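# Close look at the chain arrangement
Given next are the chains, with one letter for each unit.
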Amino acid sequence: MAELTLVEAINSCFHHELQRDDSVMVMGEDVGRAGGVFRATAGLRDRFGPDRCVDTPLAEAGILGTAVGLCMAGWRPVCELQYDAFSYPALDQLITHVGRYRWRTRGGMEFPITIRMPYGGGVRAPELHDDSPETYYVHTPGVKVAIPSTPSDAKGLLAAAIRDPDPVVVFEPKLHYRTMRGEVPEGDHVVPLGKARVARMGSDLTLVAYGSMVPLVERAADALGGDASVEVLDVRTLKPLDEQALLASAAKTGRVVIVQEAPRTCGYAAELAAILAEKAILDLRGPVLRVTGYDVPYPYWQIEDAYMPSVERVVDAARKLLQY
Amino acid sequence: MAIAREAEPVGSLKEVREAGLDREDLLDVYRNMLVTRGVEERGHILYRQGKIPGSFYTGRGNEAAAVGVATAMGTDDVGTPLHRDMGVHITRGVEPWRIFAQYMGRADGPTKGKDGNVHMADSNLGLLAMVSHLPAMLPVAVGCALAFRIREESRVAVAWFGEGASARGDTHEGMNFAGVRQLPVVFICDNNQWAYSTPTHLQYATEHVADRAQSYGFEGVVVDGTDVLAVYREAKRAIEKARAGGGPTLVECLTLRMEGHAVHDDAFYVPKDMFEEWAKNDPIERFRTWLRDNADMSDEEEDEITAGVKRLLTESMRRADESPMPDPATLLDGVYATPEDLDTPHHK
Ligand SMILES: Cc1ncc(C[n+]2csc(CCOP(=O)(O)OP(=O)(O)O)c2C)c(N)n1
Ligand SMILES: [Mg+2]
């Protein structure tokens, strides 16, 4: 096992997957010569050539639309969108083509596209470089969504996405691209889609999170350590969701706090809360609580800390629930 | 083969006078270019001091293009300058201390600390703040032009975009609509030959971006973006043509981005000799030489301008540093209208 940063893990996944399957190709703005803004695709153009690592014009709808055509002709394209919010110009293609073409052809055509993008805040970036847009994607039929929180999962989930027969959107927590290191298996490493991870076992309360919020809730779990035994559930795949893991944890602890960085209304936490209300109501010893961003555009750095869910906000919610 | 007209350089003071600039105006243009570069150089210092987090973008090499176009705009015209167009903010009269405050995310920046960087504009000066998404401002400017046309106002909208962003659909949609209605809008392409690491030949297949104008039913012009007077003349022509009902023009200003995409980028992918070649055409040095040769700018005049700019910038840095941080309690403000908003006019 090698000790890698999160973005190095993604890069190592690419090198392995492009080597393993010569129908896999990478495309996006600045992915070739420059190796991507965050260096996720570094070395691919030199190693696999400019046809397997394609620098595209600055045009996201074009990138995704082209990927649909590449799939029809037998390729497995992996599209990089430079930042979370730059996926918006491509939403049209995502919703109208990527998500529904298999269905429209009644399974006659396959769309093994992977769309990946750095997401989330905390990096002191300007507006529209800090968004958490997972809900738009989860809400789109025909699209799967994964969000790793560790270097190992960043490699394993991306590999699963690339090998999956359906379109998968992978959000990568850019805050942890270089600040998080961890053991990453060399060579073949696949983390199956649809499997959550119990990041920490506990019996009094479950903190549910994904992506960049996982390390934060782990710190909150540490802070609560003396008072309660806290379980941390890392969702990993938002769609398909590992419902069993969620319900099992809720059944065990009876108390659930869900943490999401995205704005509150109709965020993914609301979906999880609805599932718990439908299927775990008799296991719950208190209301399901959410700690989320606010219903505002993500603000600039001087006040971004006021936006972001913090350890304190998570601990407060947990205490409230423990005392319910 | 080029379709767009390739603009000639401007020669004499006489020609410049004909285009509408007197000697005092010319010295103002020079001053604005110096302030533009000075603001960005000092921004770099603030970045290195850790007062600007994230990254930092400049328009080094684009000073003539930005100042030249802005000088040609009328007071009531509107514009949508981008991240290479500091010179537009300066020329329209945004005070440098407010720009430094913006850079540092302070409450006195044009976005009151809600956004940073060059994602700003003072709408009282006819400027509309860009968003990150390029070239999302093109259709927006076309909308302003449509409003001017419907209200029969003698105003023009000026819309900026980069040659990289010219690959996106918004470019096509904005220009097509503008051409169909022959609206009073001027499109300015900041062609600095790179879109991050992507060179022009991976972005578009025509010789010039301006070659496309013909297919939208209006004129395209390519101008040397390091020649402030030529930029001014072409922008002025285009703007006055639009004002007179002659429809849109696409003016492409050819420059080189003289730094990385932003401070975090060392531009290793740009050939060294390209930088060396374009360094010979530094827009400010070029205009300084022109002023000395053609408009008798004296040593004293030059020293006075330089010293004045330096004083202005030093004072501006100090003032910006005194500007307070935005109050986190304002986090939720401004997303929806409040009762007070009902009494505020929201357009000009
Ligand atoms: C829709 C969109 N996609 C991606 C980006 C990320 N991005 C920021 S600047 C840039 C390059 C822009 O190139 P160009 O239009 O030539 O402008 P320049 O920066 O060279 O002035 C890119 C890709 C963006 N801002 N907007
Ligand atoms: Mg460019």
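Residues numbered from 1 in each chain as written. Chains lettered and ligands numbered in written order. Predicted model: local features only at pLDDT ≥ 70, side-chain atom pairs only at ≥ 80, totals over all residues.

## Focus: the overall build of chain A
To keep things clear, this is the line we draw: Helix numbering and strand numbering both begin at the N terminus, where a helix is a DSSP run of H or I of at least 4 residues and a strand a DSSP run of E of at least 2. In this treatment the radius of gyration is a C-alpha quantity, and the globule benchmark scales as 2.2 Å times the residue count to the 0.38 power. Remark: C-beta atoms are placed from the backbone, and a residue is labelled buried if 20 or more other C-beta atoms sit within 10 Å of its own, exposed if 12 or fewer do, or partly exposed between those counts.
Of the regular secondary structure elements, chain A holds twelve helices and 14 strands. In terms of C-alpha radius of gyration, chain A reaches 19 Å, essentially the compact-globule figure of 20 Å for 324 residues. Across the 324 residues of chain A, 56% fall into the buried class.

## Focus: the overall build of chain B
The test is simple: C-beta atoms are placed from the backbone for every residue, and two residues are taken to be in contact when these atoms lie within 7 Å.
Secondary structure assignment for chain B yields twelve helices and eight strands. Relative to the compact-globule value of 20 Å for 348 residues, chain B shows a C-alpha radius of gyration of 20 Å, a close match. Summarising its shape, the C-alpha atoms of chain B cover approximately 55 × 50 × 40 Å along the three principal directions. Across the 348 residues of chain B, 51% fall into the buried class. For chain B, restricting intrachain contacts to residue pairs at least 6 apart in sequence, the fraction spanning at least 24 positions comes to 75%.

## What about the domain arrangement of chain A?
All names here are of chain A. What counts, and what does not: Where each domain starts and ends follows an automatic or database-derived domain assignment. Throughout this entry, Asp, Glu, Lys and Arg are counted as charged residues, while Ala, Val, Leu, Ile, Met, Phe, Trp, Tyr, Cys and Pro are counted as nonpolar. The remaining residues, Gly among them, count as polar.
Each assigned domain of chain A is listed with its residue range as follows: domain 1 (2-184) and domain 2 (197-322). The gap between the C-alpha centroids of domain 1 and domain 2 is 26 Å. The partner domain 2 presents 22 residues to the 24 residues of domain 1 that form the contact. Elements with a contribution of two residues or more to the side of domain 1 that touches domain 2: α6 (134-138), β6 (144-146), α7 (151-163) and β7 (168-173). Looking at the side of domain 1 that touches domain 2 residue by residue, the class counts come to ten nonpolar, seven polar and seven charged.

## Some thoughts on the pairing of strand β4 (residues 185-191) of chain B
Residue and element names in this part refer to chain B. The test is simple: With the strands aimed away from the viewer, a crossover counts as right-handed if its path from the first strand over the helix to the second runs clockwise. Between any two strands, pairing holds if DSSP finds at least two bridges.
Of all seven residues in β4, seven are buried; the element is thus mostly enclosed. Where burial is concerned, the two faces of β4 agree: the one with Val185, Phe187, Cys189 and Asn191 and the one with Val186, Ile188 and Asp190 are both buried. Handedness of the crossover is the feature at issue here: the chain leaves strand β3 (residues 157-162), passes through helix α7 (residues 169-181), returns alongside β4, and the resulting connection is right-handed. For β4 and strand β8 (residues 249-254), the ladder comprises six bridges, and the chain directions are parallel. From the neighbouring strand, Ile188 faces β8, where its bridge partner is Val251.

## As for the interface of chain B and chain A
On the chain A side, the residues contacting the 31 residues of chain B number 27 residues. Each residue belonging to the side of chain B that touches chain A can be placed in one class, and the counts come to 15 nonpolar, 13 polar and three charged.

## Section: the nonpolar core
Where we set the bar: Each nonpolar core comprises buried Ala, Val, Leu, Ile, Met, Phe, Trp, Tyr and Cys residues, the members being joined through C-beta atoms within 7 Å.
By size, the foremost hydrophobic cluster in this structure holds 189 residues, and its most contacted members are A:Leu207 and B:Val185. Ranked by the residues each element gives to this core, the list is headed by helix α9 (residues 228-243) of chain B, at nine residues. Every residue in contact with B:Val185, bar those within four places of it in the chain, is listed here: B:Ala141, B:Val142, B:Ala145, B:Val156, B:Ala157, B:Ala159, B:Ala178, B:Ala242 and B:Pro248.

## Quick word on the packing of helix α2 (residues 23-48) of chain B against helix α12 (residues 299-322) of chain B
Residues and elements named next belong to chain B. The condition that has to hold: Lines fitted to C-alpha atoms define the axes here, with helix axes fitted over just the stretch in contact, and angles between the N-to-C directions of these axes take values from 0 to 180 degrees. Each angle is binned into one of four classes, with values under 35 degrees roughly parallel, values over 145 roughly antiparallel, values of 65 to 115 roughly perpendicular, and all other values oblique. Should the near helix be turned counterclockwise from the far one by less than a right angle, the crossing is left-handed, whereas a clockwise turn marks it as right-handed.
The geometry of α2 relative to α12 is characterised by a closest axis approach of 10 Å and an angle of 40° between their N-to-C directions. Overall, the two elements α2 and α12 adopt an arrangement that is oblique. Judged by the sense of rotation from one axis to the other, the crossing of α2 with α12 is right-handed. Across from Leu27, Tyr30, Arg31, Leu34, Val35, Gly38, Val39 and Arg42 in α2, the residues of α12 making contact are Ile305, Thr306, Val309, Leu312, Leu313 and Met317. Taken together, the residues of the contact of α2 with α12 break down into ten nonpolar, two polar and two charged.

## Here's the deal with the environment of B:Gly54
Turning to its location among the elements, B:Gly54 is positioned in the loop between α2 and α3 (63-72). Taking the C-alpha atoms as reference points, B:Gly54 and B:Val263, separated by 209 residues in sequence, lie 9.5 Å from one another. In contact with B:Gly54, not counting residues within four places along its chain, are A:Val123, A:Arg124, A:Ala125, A:Pro126 and A:Trp301.

## Considerations on the confidence of the model for chain B
Heads up, the rule is: On a range of 0 to 100, pLDDT expresses the predictor's confidence in each residue.
The predicted model of chain B has a mean per-residue pLDDT of 95, with 98% of residues at 70 or higher. Confidence metrics for the complex model read pTM 0.96 and ipTM 0.94.

## Quick word on the sheet that holds strand β12 (residues 237-239) of chain A
All names here are of chain A. An order of β3-β2-β4-β5-β7-β6-β12 is seen for the seven strands of this open sheet, with the pairing classed as mixed. Here the strands that pair on one side only, and so sit at the sheet edges, are β3 (53-55) and β12. When strand polarity is set aside, the average angle formed by the axes of neighbouring strands in this sheet is 20°. Here strand β2 (residues 24-28) runs beside strand β4 (residues 76-80); their pairing, made up of five bridges, is parallel. Looking at the pairing, Met27 lines up with Cys79 of β4.

## Notes on the site of ligand 1
Spelled out, the test is: The rule is simple: place the C-beta atom from the backbone, and if it lies within 6 Å of a molecule or strand, the residue is near it.
Taken together, 20 residues form the shell around ligand 1, and within it A:Phe86, B:Gly162, B:Gly164, B:Ala165 and B:Ala195 come nearest. Looking at the shell around ligand 1 residue by residue, the class counts come to eight nonpolar, six polar and six charged.

## A look at α7(B)
Residue and element names in this part refer to chain B. What counts here: In this analysis, the expected span of each helix is defined as 1.5 Å times one less than the number of residues it contains.
Look at α7: 19 Å from first C-alpha to last across 13 residues, which is about the 18 Å you get at 1.5 Å a residue. Taken together, the buried residues of α7 touch α6 (137-150), β3, β4 and α8 (213-216). Gln182, located one to two residues past α7, shows a positive phi value of around 50°.

## Things to note about the packing of helix α3 (residues 60-72) of chain A against helix α4 (residues 91-98) of chain A
All names here are of chain A. The N-to-C vectors of α3 and α4 enclose an angle of 20°; their axes lie 8 Å apart at closest approach. It follows from the interaxial angle that α3 and α4 lie roughly parallel. Counted together, Ala61, Leu64, Gly65 and Val68 of α3 and Asp92, Gln93, Leu94, His97 and Val98 of α4 form the full contact between these two elements.

## Let's talk about the sheet that holds β8(B)
Residues and elements named next belong to chain B. Here we have six strands laid out as an open sheet, ordered β1-β7-β8-β4-β3-β2, and parallel in their pairing. On the outer flanks of this sheet lie β1 (5-6) and β2 (78-80), each paired with one strand and no other. Bridging between β2 and β3 involves three bridges; their strand directions are parallel. Bridge assignment links Gly79 to a residue of β3, and that residue is Val158.

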